[in-house]
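Spelled out from the first residue to the last, the chains are:
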Amino acid sequence: IPAASPVHTHAAQATSGAGGGVSIAGSLALNLSDTTGTAVIRSGTALDLSGAGAVTLTAEDNSAGSAVAQPTGIGAVSAGSVGVGASVALNIANNTTLAELADSATITNAGNLALAATSDNFAMTSAKAGGTAGGSGVGIGGAFATAVVNNITAADIGTGGTLALGGALSAVATHKGSAITTADGTAGGGAAGVGAVLGLNVVSDLTTATTARNLTVGGDLTFGAYNSGVSTVDTKASAAGAKEEEA
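The structure reproduced in this document is the subject of the present report. Sequence positions are assigned chain by chain, starting from 1 and proceeding in written order. Only residues with pLDDT of at least 70 get local features here, since the model is predicted, and only at 80 or more are side-chain atom pairs given and counted; chain-wide, interface and lining totals rely on the full set of residues. The basis for every side-chain value is the complete set of non-hydrogen atoms in the structure, without hydrogens or water.

### Some points on the overall build of the protein
Counting from the N terminus, the helices are the DSSP runs of H or I reaching at least four residues and the strands are the DSSP runs of E reaching at least two. Across its full length, the protein carries zero helices and twelve strands. Across the protein, helices and strands are ordered from the amino to the carboxyl terminus as β-β-β-β-β-β-β-β-β-β-β-β. Buried means the residue's accessible area, taken with a 1.4 Å probe over protein chains only, is under 20% of the maximum for its type, while exposed means over 50%, and partly exposed covers the values in between. Residues classed as buried in the protein amount to 41% of the 247 residues present. All accessible-area figures derive from a Shrake-Rupley calculation using a 1.4 Å probe, and residue coverage is judged against the displayed protein chains alone. Counting every atom, the protein has about 11400 Å² of accessible surface; 55% of that belongs to carbon and sulfur.

### Some remarks on a nonpolar patch on the surface
Nonpolar side chains collect at one region of the surface, where Leu 28, Leu 30, Leu 32, Val 88, Phe 144, Leu 198, Leu 200 and Val 202 lie side by side and expose about 690 Å² of accessible area between them. At the level of secondary structure, the elements contributing two or more residues to the nonpolar patch comprise strand 1 (8-41) and strand 9 (192-211). Tracing the backbone through its elements, the reader meets Leu 32 in strand 1. Overall, the relative accessible area of 57% leaves Leu 32 in the exposed class. Only residues whose relative accessible area exceeds 30% and that form no salt bridge are eligible for patches; like-charged ones are grouped when within 9 Å, while nonpolar side chains (Val, Leu, Ile, Met, Phe, Trp, Tyr) are grouped when within 5 Å. One speaks of a salt bridge when a side-chain nitrogen belonging to Lys or Arg is within 4 Å of a carboxyl oxygen belonging to Asp or Glu.

### Looking at the side chain of Asn 151
Structurally, Asn 151 can be placed in strand 5 (residues 138-157). Separated by 2.8 Å, the side chains of Asn 151 and Asn 95 make a polar contact. Polar contact is defined as a pair of N or O atoms within 3.5 Å, subject to the rule that within protein one atom must be able to donate a hydrogen and the other to accept it, and that residues adjacent in sequence are counted only when both atoms are side-chain atoms.

### What about the environment of Leu 163?
On the secondary structure map, Leu 163 appears in strand 6 (residues 163-165). Note on Leu 163: relative accessible area 2%, which makes it buried. Distance in space between the C-alpha atoms of Leu 163 and Thr 216 is 6.1 Å, their sequence separation being 53 residues. Contacts: residue pairs with any heavy atoms within 4.5 Å of one another. Look past the residues within four positions of Leu 163 in its chain and what remains in contact with it is Leu 101, Ile 107, Leu 113, Ile 157, Arg 213, Asn 214, Leu 215 and Thr 216.

### Considerations on the pairing of strand 7 (residues 169-184)
Pairing between strands is defined by DSSP: at least two bridges between the two strands are required. As judged from the 16 bridges shared by strand 3 (residues 106-128) and strand 7, these two strands associate in the parallel manner. Looking at strand 7, one finds that Ala 123 is bridged to Ala 179.

### Details of empty space enclosed by the protein
Grid points spaced at 1 Å and placed over the protein atoms alone form the basis of the search, with a cavity being a set where a 1.4 Å probe fits but cannot get out and a pocket an open set showing protein on both sides within 12 Å along at least five of seven lines. Lining residues have an atom within 4 Å of a point. Grid points are joined across faces, edges and corners, and a volume is the space filled by probe spheres set on the points. One pass over the structure, following the stated rule, counts one cavity of 30 Å³ or more. Size it by volume and the largest cavity reaches roughly 60 Å³. For the largest cavity, the lining is made up of 13 residues, of which Ser 63, Gly 65, Ala 93, Asn 95 and Phe 122 are closest to its centre. Looking at the lining of the largest cavity element by element, the count peaks at five residues for strand 2 (residues 46-101). As a working rule, the residues Ala, Val, Leu, Ile, Met, Phe, Trp, Tyr, Cys and Pro are called nonpolar, Asp, Glu, Lys and Arg charged, and the rest polar, with Gly in that last group. Classifying every residue of the lining of the largest cavity gives five nonpolar, eight polar and no charged.

### Brief notes about the environment of His 175
Position of His 175 relative to the elements: it lies in strand 7. His 175 gets classed as buried once you look at its relative accessible area, which sits at 2%. Each C-alpha atom, one on His 175 and one on Ala 117, is 8.2 Å from the other, the two residues being 58 residues apart in sequence. A distance of 3.4 Å separates the side chain of His 175 from the side chain of Asp 205, its partner in a polar contact.

### Description of the nonpolar core
Counting 21 residues, the largest nonpolar core has Ile 41, Leu 101, Ile 107, Leu 113, Leu 115 and Leu 163 as its most contacted members. Residue contributions to this core peak at six residues, all from strand 2. Nonpolar core, defined: a set of buried Ala, Val, Leu, Ile, Met, Phe, Trp, Tyr and Cys residues in which side-chain atoms within 4.5 Å join the residues together. Judged by nonpolar contacts, the second largest core, of eleven residues, contains Ala 14, Ala 69, Ala 89 and Ala 127.

### So, unusual backbone geometry
Positive phi values are uncommon outside glycine, yet Ser 104 reaches one of about 70°. Inspection of the secondary structure puts Ser 104 in the loop between strand 2 and strand 3. Judged by its relative accessible area of 40%, Ser 104 falls in the partly exposed class. A positive phi angle is found at Asn 109, which is not glycine, with a value near 60°. You can see Asn 109 is positioned in strand 3. Residue classification places Asn 109 among the partly exposed residues on the basis of a relative accessible area of 47%.

Given below as structure tokens:
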């Protein structure tokens, strides 16, 4: 979870449970989030500074999104023939952080220009399903957890005429991201147990620091893009049925 604040927090949680002769329990947790942090001099803007003043654009986006689908207790419990427990967790997150001098925007009579875009985006997705049947019953469990995460962090100078600065120019984009996904499809039955599981992360991290126009700079010139990402998937599928009778 991001240490910096403030943090955009988005969470979805679903639980399910059932009991009886034939028991079926299912839970769906769906989290859709779209976060944006921008500091932009928009297209067509003309900014004229007297005395070689400084311009600073700082954009920050910190987010934590979670989707958790799980059973209540051990889920679908059947004293009879069939116990079915299924959980689906889907976490879709789009996070954009942008510090930008946009296309055709101009700055004149400026000293230093600093563009800084910083993001820390966390996604946690978890699905756990339990299907249990006693006696001569069959337990079926399914857990499906998927995260689709798109992170864009950019410190950019758009198209236009030559940008002339009396001082330094710095454009730095820094991104840290993590996507943690777990899926547990445990099932058990007196006669047979069937467990199925799917864990999937689809993560895109794009971090850029660029210019699309010519530059004339009187001081230091710095462009930096730093990207650190972690993506893990942990799945577990187990089934237990009756032991084979001894001869």
